[in-house]
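Analysis of the macromolecular model
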Amino acid sequence: MSEIKFYYGDAVPLEMHKVRIVQKLELKPIERRLQAVTEAGNNTFLLKNRDIYLDMLTDSGVNAMSDNQLAAMMRADDSYAGSETFTRLEDKVREIFGKQFFLPAHQGRACENILSQVFVRPGTVVPMNYHFTTVKSHIVLNGGSIEELTIEEGLKATSSCLFKGNMDIDRLRASIKRHGADKIPFVRLEAGTNLIGGQPFSLENMREVRGVCDEFGVPLVLDASLLADNLYFIKTREAACKTLSFRDITL
Ligand SMILES: Cc1ncc(COP(=O)(O)O)c(C=O)c1O
C-alpha cells in the first residue's frame, strides 16, 4: 500500500490500481431489505442478489479481475491435451510451492471432493485445526468424521493470542494414538481459519504438525484457500519470519 502526503502533513493511503469496469448497484429502502431478509427466513443463502447492496457472503469468485487476469484468458491455450496454459500453471505452482505433482481443480470444493473420495473411508477420522462447511460435508459424505483440535485460545473471542488458528500438538498426537494411524486418512491444516474469523496458524505450529504427521506416517493436507492472509500474519507477527519474503515463507 502506498501513501500520499498532504500539505498539512497527513498521510492518506492509496490503492495502487484503477477500476476500469463498474457494475451498477442498487440500495433498496430499509423496509424492503428487512422484508427480503424475512422472506429468506434470515438465511443469507436464500437472499436474491437484486436485494443486496454489498455482497459479503463469500470471497469465492466475487472479486474484480485485473487487466492481467483478463489478458491471460485471451492467451489461454484450450488444446485438448498438452495445453501450454497447463504447463504455465504447473511451472508457477512448482515455483511457488515447490511441489513435484500438481492436479488442477476448478474450485476448492472440487479439491475437497477428490481428496475425500480418495482417502476417506467409513470409520476414519480427519483431525484439523477447524472445519470449513464444505470440507466437513465431503468427509462425512464419505463415511468419515472430523475432530477439531484448535488450541484452547482459538475459540476465545477476547483473546489477543497472535495465532489462534494453531493446532494443539498434544491433542493431535493423542488423537492419532487413540484412533490408530491407519484410521487417519490425513491431518488437515486450514490457513486463515475461515469460520473462526480468519485466525492464522504460525509457521512454527505448521512445522510441529508436520513433525507429528511424519512420526505416524500420516499425510498432511493444507487448505490454502486463505493462504495470503495467513502468510501476511506469519510475516508480521512471527519473529523468526520477519526477514523472510512471502515466497520464502510459502516454500
Ligand atoms: C477454508 C476454505 N476451504 C474451502 C473453501 C471452498 O473453496 P471454493 O469456494 O473455491 O469451493 C473455502 C471458500 O471460501 C474456504 O474458505
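Residues numbered from 1 in each chain as written. Predicted model: local features only at pLDDT ≥ 70, side-chain atom pairs only at ≥ 80, totals over all residues. Heavy atoms only, no water.

Concerning the domain arrangement of the chain
Partitioning the chain into domains gives domain 1 (2–51), domain 2 (76–104) and domain 3 (108–250). Domain 1 and domain 2 are separated by 35 Å when their C-alpha centres are compared. (Domains from an automatic or database assignment.)

Remarks on the site of the ligand
If you check the shell around the ligand, you find Asp-59, Ser-60, Gln-107, Gly-108, Arg-109, Glu-112, Phe-132, Glu-190, Asn-194, Asp-223 and Ser-225 and nothing else. Between the ligand and the protein, one listed contact pairs an oxygen atom with a side-chain N or O atom of Arg-109 at 2.5 Å. A distance of 3.2 Å separates a nitrogen atom of the ligand from a polar side-chain atom of Ser-225. The fraction of the free accessible surface of the ligand (390 Å²) that becomes covered by protein chains is 92%. Looking at the shell around the ligand, its residues break down into one nonpolar, five polar and five charged. (Near = heavy atom within 4 Å. Polar contact = N/O pair within 3.5 Å; in protein donor to acceptor, adjacent residues only side chain to side chain. Areas by Shrake-Rupley, 256 points an atom, 1.4 Å probe, with all protein chains shown as cover. Nonpolar A, V, L, I, M, F, W, Y, C, P; charged D, E, K, R; others polar.)

Here we look at the nonpolar core
In this structure, Met-167, Leu-172, Val-187 and Val-209 are the most contacted members of the largest nonpolar core, which totals 23 residues. The set of elements that each furnish at least two residues to this core consists of helix 6 (169–179), strand 5 (187–190), helix 7 (203–216) and helix 8 (227–237). With four residues, helix 7 is the single largest residue contributor to this core. Setting aside anything within four residues of it in sequence, one finds Met-167 in contact with Pro-127, Met-128, Asn-129, Leu-149, Ile-151, Leu-172, Val-187, Arg-188, Leu-189, Asn-205 and Val-209. Listed in part, the seven residues of the second largest apolar core include Val-120, Val-126, Met-128 and Phe-186. (Core = buried A, V, L, I, M, F, W, Y, C linked by side-chain atoms within 4.5 Å. Buried < 20%, exposed > 50% of the residue type's maximum accessible area, 1.4 Å probe, protein only. Helix = DSSP H or I, 4+ residues; strand = E, 2+ residues; numbered from the N terminus. Contact = heavy atoms within 4.5 Å.)

As for the environment of Thr-243
Inspection of the secondary structure assignment puts Thr-243 in the loop between helix 8 and helix 9 (246–250). Spatially, the C-alpha atoms of Thr-243 and Phe-101 are 29 Å apart, while their sequence positions differ by 142 residues.

Regarding the pattern of salt bridges
In total, this model carries twelve salt bridges according to the counting rule given. For Arg-188, the salt bridge goes to Asp-223, with nearest N and O atoms at 2.8 Å. Of this pair, Arg-188 sits in strand 5 while Asp-223 sits in strand 6 (residues 220–223); the two residues are 35 residues apart in sequence, bridging distant segments of the chain. The closest approach of N and O atoms between Asp-214 and Arg-210, which form a salt bridge, is 2.9 Å. One end of the pair, Asp-214, and the other, Arg-210, are both in helix 7, four residues apart, so they sit about a helical turn from each other. (Salt bridge = Lys/Arg side-chain N within 4 Å of Asp/Glu carboxyl O.)

Concerning helix 7
For helix 7, which comprises 14 residues, the first-to-last C-alpha distance of 20 Å matches the rise-based estimate of 20 Å (1.5 Å per residue) to within 8%. The complete set of buried residues in helix 7 reads Leu-203, Asn-205, Val-209, Val-212 and Cys-213. Where helix 7 is buried, its residues meet helix 6, strand 5, strand 6, helix 8 and helix 9. Positive phi shows up at Gly-217, right after helix 7, with a value of about 65 degrees. (Expected span 1.5 Å × (residues − 1).)

Comments concerning a nonpolar patch on the surface
A contiguous nonpolar surface patch, about 760 Å² in accessible area, is contributed by Ile-4, Phe-6, Tyr-7, Tyr-8, Val-12, Leu-14 and Met-16. Within the secondary structure layout, Val-12 lies in strand 2 (residues 11–14). Val-12 sits in the partly exposed class, given a relative accessible area of 30%. (Patch = residues over 30% accessible without salt bridge, like charges linked within 9 Å, V, L, I, M, F, W, Y side chains within 5 Å.)

Description of the pairing of strand 5
Covered by surrounding structure in strand 5 are Val-187 and Leu-189 together with Arg-188 and Glu-190, the residues of both alternating faces. Sheet topology note: the strand 5/strand 6 ladder contains four bridges and is parallel. Its bridge partner being in strand 6, Glu-190 is matched across the sheet by Asp-223. Between the parallel elements strand 5 and strand 6, the chain passes through helix 7 in a crossover that is right-handed. (Pairing = 2+ DSSP bridges. Right-handed = clockwise from strand over helix to strand, strands pointing away.)

Some points on the packing of helix 4 (residues 108–119) against helix 5 (residues 133–141)
Geometry of a packed helix pair, given as the angle between the helix axes and the separation of the axes. Packing of helix 4 against helix 5 leaves a shortest axis separation of 9 Å and a crossing angle of 25 degrees. Taken together, helix 4 and helix 5 sit at an angle that is classed as roughly parallel. Of the two possible hands of crossing, helix 4 and helix 5 adopt the one that is right-handed. Contact residues: Arg-109, Glu-112, Asn-113 and Ser-116 in helix 4; Thr-134, Val-135, His-138 and Ile-139 in helix 5. In the contact of helix 4 with helix 5, the residues fall into two nonpolar, four polar and two charged. (Axes fitted to C-alpha atoms, helices over the stretch in contact; angles between N-to-C directions. Parallel < 35°, antiparallel > 145°, perpendicular 65-115°, else oblique. Left-handed = near helix turned anticlockwise from the far one by under 90°.)

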